[in-house]
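# Geometric and topological summary
Single-letter residue listing:
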Amino acid sequence: MAFKQSMLAVAVLVAVSGTTSAATVQQVVADNLAENPDVARAIETYRAVVKEVDQAKAGYYPTVDATLGYGYEWTDKDQGVQDVELNRREAHLNINQMLFDGFATPSEVKRQRARMASAEAEATDTAENYALQAARAYLELLRRDQLVKLAKETLYNHVKIYDQIKRRSESGLGTLASIQQAEGRLALAEVNTLAAENNLLDARANYQRVVGQEPPAELEQLMDDALPIPGSFEEALAAANENHPVVGIAQNDVEATYAQRDAAKSRMYPRLDLEVERRWDENLDGIEGDDEDLTAMLRLRYNLFNGGADKARIRQTEYQIGEAQQVQRDSMRQIKQSLELSWNAYEILGRQIEHLQQHVDSSEQTRNSYQKQFDIGQRSLLDLLDTENEVFTAKNQLAEAQLDQQIAKLRILNGMGGLLSAMNIQLPLEESSTMTADAAEMQEEPAMQEEAPAEKSS
């Protein structure tokens with residue numbers, strides 16, 4: 001009965017492996033990156049901020065306003081116009097061009113460009129993290145698939161041992177205790193196989209949650225030469241300090257707060273506008289007939305007092321600069337810590353794998369020797385079963401360490417901000433060329449004046 005159950009378990013495990021298609025971890029990430037909700041949200045956020053840059057740039061351009069009016073007017077004046085009722089008509093066209101606003105507009109443009117660069121870095125970081133999660137889900141599925149195969153192999157070997165003991169017993173050479181012992185170990189192998197299969201199903205469910213698609217039927221190992229990493233931790237850290245998107249987020253947030261402070265200082269300056277107005281009125285102020293005029297004026301506006309709000313606003317932005325700088329320092333520390341942990345894990349696992357491989361080779365040699373000695377009666381059944389379990393444990397540990405090292409490599413690339421680049425995957429921002437042009441324009445703009453004018457009571 002136990003033999004039939006074991007063979008049925010083996011058959012079920014063989015059926016678990018599909019034969020529909022195969023895909024590498026890079027293909028999985030590339031095919032599903034843009035479909036991930038978090039990545040798609042970050043991309044849409046970036047595109048929205050791009051339009052905020054366009055809104056800020058609108059401050060450089062003139063505004064054109066048209067006003068139409070029609071209604072009733074009653075007029076009573078001392079200069080001979082008394083109790084006049086007319087139907088009043090108005091048509092105004094006003095053109096206003098800002099000539100100087102205390103650098104408020106260029107400061108706002110600079111702030112929005114910094115926010116755009118930060119949003120792009122945020123989208124890249126989200127995509128990097130998705131790539132890591134998807135790749136880990138892929139490798140975890142690969143791990144569980146390998147462990148199922150190892151459990152199946154061990155189950156098959158226990159079936160052979162059980163069959164051998166049973167035939168010995170039927171021929172009068174074996175004992176009842178040997179059969180019972182073999183049955184117990186066989187039952188444990190079946191339990192281990194079912195547990196491995198359950199873990200595989202859990203890994204498949206996690207893969208579907210993270211990636212958003214059914215896993216491929218065939219999984220490919222991550223080759224040692226794929227996704228290369230730097231030769232030293234120092235090189236990896238230097239790359240992280242230069243390329244990690246979180247560094248870009250923090251730096252651009254600092255730049256945005258500086259621009260916000262400059263915009264706040266603009267309230268300390270007067271504002272100068274060129275205003276052109278054309279009016280076509282009729283029946284105005286109790287006088288029948290047309291009333292038209294055209295004005296072209298330079299108008300200077302300067303707030304003299306508003307309760308100290310402007311100075312308070314400047315101080316607020318200076319504190320916000322300090323806050324952003326502290327966030328930047330904390331981000332750098334976290335990046336270094338995460339990268340160092342990943343690097344240490346990668347190196348230690350590499351050394352462990354050498355010893356684990358030796359353990360597997362020695363365990364297999366011992367098992368084969370024990371099998372021959374058992375056949376001629378020099379080894380007990382317990383010795384043979386123990387060596388079989390040791391081989392199973394050694395192979396499991398080796399498979400775990402190999403997959404953990406591959407995951408550590410992915411974590412290193414992610415910690416450097418270069419996982420997508422290593423996979424040759426580009427984030428579909430579509431508006432990145434606009435950002436590049438804006439960055440070039442920003443380099444050409446003159447430095448904004450930071451000195452305040454004569455002291456103003458705000």
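All figures in this text were calculated on a predicted structure; none of them were measured in a lab.

It is worth spelling out the pattern of salt bridges at this point. Evaluated as defined, the whole model comprises 27 salt bridges. Where Glu400 meets Arg143, a salt bridge forms, and the shortest distance between an N and an O atom there is 2.4 Å. Note that Glu400 is positioned in helix H9 (residues 381-416) and Arg143 in helix H4 (residues 104-170), a separation of 257 residues in sequence. The exposure class assigned to Glu400 is partly exposed, which follows from its relative accessible area of 27%. Classification of Arg143 by relative accessible area gives buried; the value is 4%. One network of salt bridges, in which partners are shared, links Glu140, Arg143, Arg144, Glu400 and Asp404.

Quick look at the environment of Glu275 now. Assignment of secondary structure puts Glu275 in strand S5 (residues 271-284). Since its relative accessible area comes to 10%, Glu275 is described here as buried. Along the chain, Glu275 and Thr295 lie 20 residues apart, while their C-alpha atoms are 7.8 Å from each other. For Glu275, the residues in contact, after removing those within four places along its chain, are Ile95, Asn96, Thr295, Ala296, Met297, Arg299 and Arg301. Among the polar contacts listed, one links the side chain of Glu275 to the side chain of Asn96, at a separation of 3.1 Å.

Our focus in this paragraph is the nonpolar core. Grouped together as the largest cluster of nonpolar side chains are 63 residues, with contacts concentrated most on Leu33, Leu339, Leu410, Met423 and Leu427. Going through the elements one at a time, helix H2 (25-32), helix H3 (37-57), H4, helix H5 (176-211), helix H6 (233-243), helix H8 (309-375), H9 and helix H10 (419-422) are the ones with two or more residues in this core. Per-element accounting of this core gives the leading share, 18 residues, to H4. The residues contacting Met423, other than those within four sequence positions of it, are Gln26, Val29, Ala135, Leu227 and Leu410. Leu155, Val159, Ala182 and Leu186 belong to the second largest nonpolar core, which has 14 residues in total.

Further remarks concern the packing of aromatic side chains. Under the defined criterion, the tally for this structure stands at four aromatic pairs. Residues Phe100 and Tyr269 carry aromatic rings whose centres are separated by 5.9 Å and whose planes lie at 75° to one another, so their mutual orientation is edge-to-face. Taken together, the positions of Phe100 in strand S3 (residues 84-100) and Tyr269 in the loop between helix H7 (245-265) and S5 put the pair 169 residues apart, joining distant regions of the chain. According to the relative accessible area criterion, Phe100 is partly exposed, its value standing at 28%. Tyr269 gets classed as buried once you look at its relative accessible area, which sits at 11%. With 5.9 Å between their ring centres and 85° between their planes, Phe103 and Tyr269 make a pair best called edge-to-face. Taken as a pair, Phe103 in the loop between S3 and H4 and Tyr269 in the loop between H7 and S5 lie far apart in primary sequence, 166 residues in all. Clustering of aromatic rings is evident, with ring pairs tying together Phe100, Phe103 and Tyr269.

Moving on to a nonpolar patch on the surface. Taken together, the side chains of Val64, Leu93, Ile95 and Trp280 define a hydrophobic patch exposed on the protein surface, amounting to about 330 Å² of accessible area. The topology assignment puts Leu93 in strand S3. In this structure Leu93 comes out as partly exposed when scored by relative accessible area, which is 32%.

What follows covers the side chain of Gln112. By secondary structure assignment, the location of Gln112 is in helix H4. Reaching out from Gln112, the side chain makes a polar contact with the side chain of Glu108 at a distance of 2.8 Å. When sequence neighbours within four positions are dropped, the list of residues in contact with Gln112 reads Val49, Glu52, Val53 and Ala56.

Residues Asp76, Asp78, Asp83 and Glu85 make up a contiguous surface patch of negative charge. With respect to the helices and strands, Glu85 occurs in strand S3. With relative accessibility at 54%, the residue Glu85 sits in the exposed group.

How each quantity is defined
- Residues numbered from 1 in each chain as written.
- Predicted model: local features only at pLDDT ≥ 70, side-chain atom pairs only at ≥ 80, totals over all residues.
- Heavy atoms only, no water.
- Salt bridge = Lys/Arg side-chain N within 4 Å of Asp/Glu carboxyl O.
- Helix = DSSP H or I, 4+ residues; strand = E, 2+ residues; numbered from the N terminus.
- Buried < 20%, exposed > 50% of the residue type's maximum accessible area, 1.4 Å probe, protein only.
- Contact = heavy atoms within 4.5 Å.
- Polar contact = N/O pair within 3.5 Å; in protein donor to acceptor, adjacent residues only side chain to side chain.
- Core = buried A, V, L, I, M, F, W, Y, C linked by side-chain atoms within 4.5 Å.
- Phe/Tyr/Trp six-rings, centres within 6.5 Å; stacked < 30°, edge-to-face > 60°.
- Patch = residues over 30% accessible without salt bridge, like charges linked within 9 Å, V, L, I, M, F, W, Y side chains within 5 Å.
- Areas by Shrake-Rupley, 256 points an atom, 1.4 Å probe, with all protein chains shown as cover.
- Lys, Arg positive; Asp, Glu negative; His and termini not counted.
- Charge placed at Lys NZ, Arg CZ, Asp CG, Glu CD.

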